[in-house]
Amino acid sequence: MRNNRLLICMPYKQFVRKAVDAGFRVYSIWDPSLESAEYLQEVARLSEEMVLCDFSDETQLRHVVATMAARHDVAHVIHLGREATQLPVCEQAHALGLALNSPRSLVLLNDKSAMRRLLRERGISPMTTREADSPAEAQRLLRGAADLPVVVKPTQLDGSRAVRLIEQPSDVDAWIDELAACRYAGPVLVEEYLRGPEFSVETLTVHGQHHLVGITAKRLGSAPHFVEMGHVHPAPLRDEDRSAIAELVVAYLDATGYRFGPAHTEVILTAAGPRIVESQARIGGDRIPLLIELAGGFDIESAVFRALAGEPAKPRAAKRLGCVSFFDFGPGRVQALEGAEEVRRLPFVHALVLKFDRGDVLGPVSSSATRHGYVVIDAAHEREAAERLAAVQGLLRVVTTLNDGPTVANPSTITLKD
Ligand SMILES: Nc1ncnc2c1ncn2[C@@H]1O[C@H](COP(=O)(O)OP(=O)(O)OP(=O)(O)O)[C@@H](O)[C@H]1O
Ligand SMILES: [Mg+2]
């Protein structure tokens with residue numbers, strides 16, 4: 001590497017800390033509308049310099065990348081944040097000779113339609129998918145009930161927004177309303193409904209070599225939405241299934257031409273073998289890095305920067321389980337909230353987040369962003385994990401009232417085998 005200066009777009013504060021620990025000097029770019037002023041002050045304190053700009057203005061973002069990169073003579077420009085701005089930043093970095101990946105490989109990872117086309121061409125992860133340019137065209141495709149059920153998916157949204165199972169033609173209307181609420185009029189994928197347990201695969205690619213960090217089992221909320229309600233790392237899997245999933249993900253990452261960085265790839269294990277749901281050129285969210293650390297002591301965030309500094313990537317095998325379980329207390333006004341402090345004091349609880357206070361109104365859980373909170377625990381094995389989550393459930397008491405009277409909700413907790 002030419003020098004130790006990195007320009008990072010949208011670095012979370014721990015990324016800056018860990019990059020500095022790995023020997024880098026970090027220059028940061030953030031959009032002030034995406035995090036609190038307090039959070040961004042901390043990022044600025046850890047960085048050599050931070051510049052704020054409006055990420056929805058692509059021209060401005062590219063300009064900031066070009067100016068910062070030149071002013072500080074950085075060795076690389078990287079982006080480990082949300083997918084929406086990864087491509088313009090990568091294109092600008094590529095034009096300056098400072099990118100670690102080709103823009104094409106990022107498109108093949110982050111854009112769900114481009115991914116499906118690549119997989120189809122290469123015969124990887126075979127399944128039926130169709131593309132529609134707009135929700136209206138998708139609606140026309142769905143008129144005949146012949147291939148139902150299908151999963152419909154706006155290609156340019158994330159967080160499971162408006163991803164929906166369509167079982168009968170009448171389900172389409174509710175989905176169209178959901179898209180309208182997201183003000184979405186872009187392309188839509190209509191996919192075969194893959195049946196089976198779902199997993200996410202964390203990898204770290206260095207010099208085009210894809211290192212498997214681990215496979216996480218995912219628990220979903222109830223249909224027709226596909227909201228992620230829990231994760232267990234490492235996933236309890238038979239050896240042959242684990243190998244089949246790992247091979248599939250490596251074949252796909254190879255096909256994209258991805259050269260450096262983390263990827264988070266979602267897979268469903270069907271009766272015919274594993275199939276790819278989607279992938280992203282970033283570390284998994286939903287506290288998955290913490291689960292990996294609890295399970296085996298491997299810090300994937302640090303590993304990205306240590307690999308960039310030239311250290312060999314050596315993921316560590318998991319010895320325990322790390323679990324996160326998201327809460328759905330049901331919609332309504334929160335009348336009582338008890339037990340949080342007791343839960344936080346449990347030695348196996350590593351995080352408890354409740355996204356509300358007494359008096360707030362909880363909406364229905366229909367996407368990642370609308371979940372009501374979560375708890376993270378560690379455990380020696382699956383039975384202990386179930387016991388520990390049940391202990392949390394027993395302590396936490398939330399009372400919500402709808403118009404028709406009070407309801408007492410215990411958090412829904414993860415079941416490891418469902
Ligand atoms: N073809 C499919 N068959 C079965 N389930 C699917 C299919 N496609 C998507 N899903 C379900 O919907 C969820 C969300 O889909 P996907 O990950 O593609 O969208 P997303 O909006 O990017 O989600 P997120 O950002 O929450 O990961 C998946 O995790 C999976 O549970
Ligand atoms: Mg997804």
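Predicted, not measured: the structure shown is a model, and the values here were computed from it.

S.K.: So, the environment of Ser243: which residues are in play, and what are the values?
M.R.: As for its position among the elements, Ser243 is in helix H9 (residues 239-256). Ser243 sits 150 residues away from Ala93 along the chain, and the two C-alpha atoms are 35 Å apart.

S.K.: Which residues make up the pairing of strand E2 (residues 25-30), and what are the values?
M.R.: Where burial is concerned, most of E2 is hidden: five out of the six residues are buried. Where strand E1 (residues 5-9) meets E2, five bridges bridge the pair, whose relative direction is parallel. Residue pairing in the sheet places Leu7 in a bridge with Tyr27 of E2. As a crossover connection, the stretch from E1 through helix H1 (residues 13-21) into E2 is right-handed. Where E2 and strand E3 (residues 49-52) come together, four bridges link them in parallel fashion.

S.K.: Describe in detail the pairing of strand E14 (residues 321-326), supporting the description with residues and values.
M.R.: Burial analysis of E14 places six of its six residues in the buried class, which makes it a mostly covered element. Here E14 shows two buried faces, one formed by Leu321, Cys323 and Ser325 and the other by Gly322, Val324 and Phe326. Bridging between strand E11 (residues 228-233) and E14 involves four bridges; their strand directions are antiparallel. The partner of His231 across the bridge, within E14, is Val324. Bridge count for E14 against strand E18 (residues 373-379) is six bridges, and the pairing is antiparallel. Counterpart to Leu321 in the pairing with E18 is Ala379.

S.K.: Which residues make up the site of ligand 1, and what values do they have?
M.R.: For ligand 1, the set of nearby residues contains 21 residues, the closest of which are Asp158, Ser160, Glu191, Leu194 and Phe226. Looking at the shell around ligand 1, the elements with two or more residues in it are strand E6 (150-154), strand E8 (188-192), strand E12 (261-270) and strand E13 (273-280). The residue inventory of the shell around ligand 1, partitioned by class, reads nine nonpolar, three polar and nine charged. Each of domain 2 (128-192) and domain 3 (195-319) gives at least three residues to the shell around ligand 1.

Rules used throughout
Residues numbered from 1 in each chain as written. Chains lettered and ligands numbered in written order. Predicted model: local features only at pLDDT ≥ 70, side-chain atom pairs only at ≥ 80, totals over all residues. Helix = DSSP H or I, 4+ residues; strand = E, 2+ residues; numbered from the N terminus. Buried ≥ 20, exposed ≤ 12 C-beta atoms within 10 Å, placed from the backbone. Pairing = 2+ DSSP bridges. Right-handed = clockwise from strand over helix to strand, strands pointing away. Near = placed C-beta within 6 Å. Nonpolar A, V, L, I, M, F, W, Y, C, P; charged D, E, K, R; others polar. Domains from an automatic or database assignment.

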